[in-house]
Amino acid sequence: MNATIRSYLDHNATTPVRPAVAEAMLRALQMTGNPSSIHGEGRMARAAVEAAREQVAALCRARAANVVFTSGGTEANATVLAPGLSDCSGGRDCVRAPVTLLLHGATEHPCVRDGHRFPAAAAEAIPVDADGLADLVWLEARLGRHAAERPGERALVSLQFANNETGVLQPVAEAAAIARRHGALMHSDAVQAAGKIAIDIEALGVDILTLSAHKLGGPQGVGAIVFRTGALELADKPLRGGGQERGWRAGTENVPGIVGFGVAAAEADAALASEAVRLAGLRDALEAGLAELAPETVVFGAKVARLPGTSAFATPGLKAETALIVLDLAGVALSSGSACSSGKVKRSHVLAAMGVDPVMSAGALRASLGWTTTRADIDRLLAAYARAVAAIPNRREQAAA
């Protein structure tokens, strides 16, 4: 193997920084001013932050004034997924009804599923079907029951726009409409979707979106909360201090990171339509190749809408750990569909919620494509995977069973 040739197919974990982003960040690193200072250097830094705010807002078709920068998607989610969040879009005489219940998708990223600030008794998982789609009938019934049992209080619904493991797209707009009917607020973790598919916060009808720069070619360590309106409030904000970011996130802004986020958002937005077509073609070529070399391979979520560049799959008899070693030695970087903790592989909660057999989920792999991916990368993956499949004991008997 030529060790210098690598195919990086783990974009959902983190996407390589775009060259224009690195260049813009280098220039920003050479700035001197604090964005909160009123002198010329401070105003220059503030201008850079506000230009990036416009770029990130444009990616979601939101107002720049409603974008709050954070240290990443996890902090963004932890900030807004909190009891006491309230809305007062009704004007000066509005009575703020506090949020007391969180309903989140069963397949959410751990930073939503486990990282919210609600008491355990005040958080419930929205079940999903075998394709990973949220049960909206269940959601409607649960919200109706909450409204009847707890008048004067609100629920908060959190539904991931695109799943990080399977790429499955959730019916966010439909869920938001249900939430509105019952007076609930709606949040969507759009970390995996932003920059990969079109997002319009107004058309979706969600109250809050959360984003992360490093999933679309920006730097690690910067994210954003995007509000549909400026009417939401939260008394217990995690970081209080100097009042930066409209008081939602105190602390001096990460100017180079925010600048990089803005450039990444602008580049991703400009290429959105063409990249979606290109990546969907590469994903389809990958899945066609998998079906040819191992017809028994299962692609999770294949029957419903998915991100154009995400494919989660498993071949019976092939463990994920084995496949990952074979692929890595061949110069191909993928990730397992399982979550790793303290060096131990655990069953994916996403596949468990979808009802996938534990034996099958133990072999789940995820190929996630992005702006650096080429057809040569797909061919290299298929060639390496063919070797892994060929090593499955008694494969012919398993395929015929």
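These figures come from a predicted structure and were not determined experimentally.

A. Layout of the pairing of strand S6 (residues 154-158). For S6, the tally of buried residues reaches five of five residues, placing the bulk of the element in the interior. Of the two faces of S6, the one holding Arg154, Leu156 and Ser158 and the one holding Ala155 and Val157 are both buried throughout. Note that strand S4 (residues 99-105) and S6 share five bridges and pair parallel. Along S6, the bridge assignment pairs Leu102 with Leu156. Summarising the sheet, S6 and strand S7 (residues 185-189) pair through three bridges and their orientation is parallel. Residue pairing in the sheet places Leu156 in a bridge with Leu185 of S7. The handedness of the S6 to S7 crossover, carried by helix H6 (residues 172-181), is right-handed.

B. Representation of the pattern of salt bridges within the structure. For the structure shown, the criterion picks out 23 salt bridges. Taking the shortest distance from any N to any O, the salt bridge between Arg181 and Glu140 comes out at 2.7 Å. Residue Arg181 is found in helix H6, and its partner Glu140 is found in helix H5 (residues 136-149); the two are separated by 41 residues along the sequence. With a relative accessible area of 55%, Arg181 lands in the exposed category. Taking relative accessible area as the criterion, Glu140 reaches 27% and is therefore assigned partly exposed. Close ionic contact of Asp236 with Arg240 constitutes a salt bridge, the shortest N to O distance being 3.4 Å. A relative accessible area of 45% places Asp236 in the partly exposed class. For Arg240, a relative accessible area of 61% puts it in the exposed group.

C. Spatial organisation of the packing of helix H9 (residues 272-293) against helix H13 (residues 375-390). As a packed pair, H9 and H13 sit with axes 10 Å apart at the nearest point and diverge in direction by 20°. On the basis of their axis angle, the class for H9 and H13 is roughly parallel. When you trace H9 past H13, the crossing you get is right-handed. Contacts between H9 and H13 pair Leu282, Ala285, Leu286, Gly289, Leu290 and Leu293 from the former with Arg375, Ile378, Leu381, Leu382, Tyr385, Ala386 and Val389 from the latter. Along the lines of polarity and charge, the residues of the contact of H9 with H13 split into eleven nonpolar, one polar and one charged.

D. Structural context of the environment of Asn66. Counting through the fold element by element, Asn66 comes out in the loop between helix H2 (40-60) and strand S2 (67-70). The buried category is assigned to Asn66, whose relative accessible area is 2%. Along the backbone, Asn66 and Ala125 are 59 residues apart, and their C-alpha atoms lie at a distance of 28 Å. When neighbours within four sequence positions are excluded, Asn66 is seen to be in contact with Ile225, Val226, Phe227, Arg228, Thr229, Gly230 and Arg246.

E. Quick peek at the sheet that holds S4. Ordered by their spatial adjacency, seven strands build an open sheet running S2-S9-S8-S7-S6-S4-S5, and the pairing between neighbours is mixed. Pairing within the sheet leaves two strands with one partner each, and these edge strands are S2 and strand S5 (123-126). Mean inter-strand twist for the sheet, computed between neighbouring axes without regard to direction, equals 20°. On top of the sheet, H2 reaches S2, strand S8 (208-212) and strand S9 (223-227); it is set at about 110° to S2, its chief contact.

F. Fine view of H6. Regarding H6, the residues found buried are Val172, Ala175, Ala176, Ile178 and Ala179. One side of H6 holds all its buried residues, which, seen down the axis, span an arc of 160°. Residues of H6 that are buried make contact with H5, S6, S7 and helix H7 (201-204). A positive phi of about 70° marks Gly183, the residue just after H6.

G. Seen up close, the sheet that holds strand S11 (residues 298-299). With antiparallel pairing, the four strands of this open sheet are ordered in space as S11-S12-S17-S14. Unpaired on one side and paired on the other, S11 and strand S14 (335-336) mark the two borders of the sheet. One ladder, built from four bridges, connects strand S12 (residues 310-314) with strand S17 (residues 365-368); its direction is antiparallel. By the bridge assignment for S17, Ala312 is matched with Arg366.

H. Quick peek at the packing of H5 against H6. As a packed pair, H5 and H6 sit with axes 9 Å apart at the nearest point and diverge in direction by 15°. With respect to their mutual orientation, H5 and H6 come out roughly parallel. As for the relative orientation of H5 and H6, their crossing is right-handed in sense. Along the contact surface, H5 presents Leu136, Leu139, Glu140 and Leu143, while H6 presents Glu174, Ala175, Ile178, Ala179 and Arg181. Of the residues assigned to the contact of H5 with H6, the class counts are six nonpolar, no polar and three charged.

What counts, and where the lines are drawn
Residues numbered from 1 in each chain as written. Predicted model: local features only at pLDDT ≥ 70, side-chain atom pairs only at ≥ 80, totals over all residues. Heavy atoms only, no water. Buried < 20%, exposed > 50% of the residue type's maximum accessible area, 1.4 Å probe, protein only. Helix = DSSP H or I, 4+ residues; strand = E, 2+ residues; numbered from the N terminus. Pairing = 2+ DSSP bridges. Right-handed = clockwise from strand over helix to strand, strands pointing away. Salt bridge = Lys/Arg side-chain N within 4 Å of Asp/Glu carboxyl O. Axes fitted to C-alpha atoms, helices over the stretch in contact; angles between N-to-C directions. Parallel < 35°, antiparallel > 145°, perpendicular 65-115°, else oblique. Left-handed = near helix turned anticlockwise from the far one by under 90°. Contact = heavy atoms within 4.5 Å. Nonpolar A, V, L, I, M, F, W, Y, C, P; charged D, E, K, R; others polar. Arc of directions from axis to C-beta.

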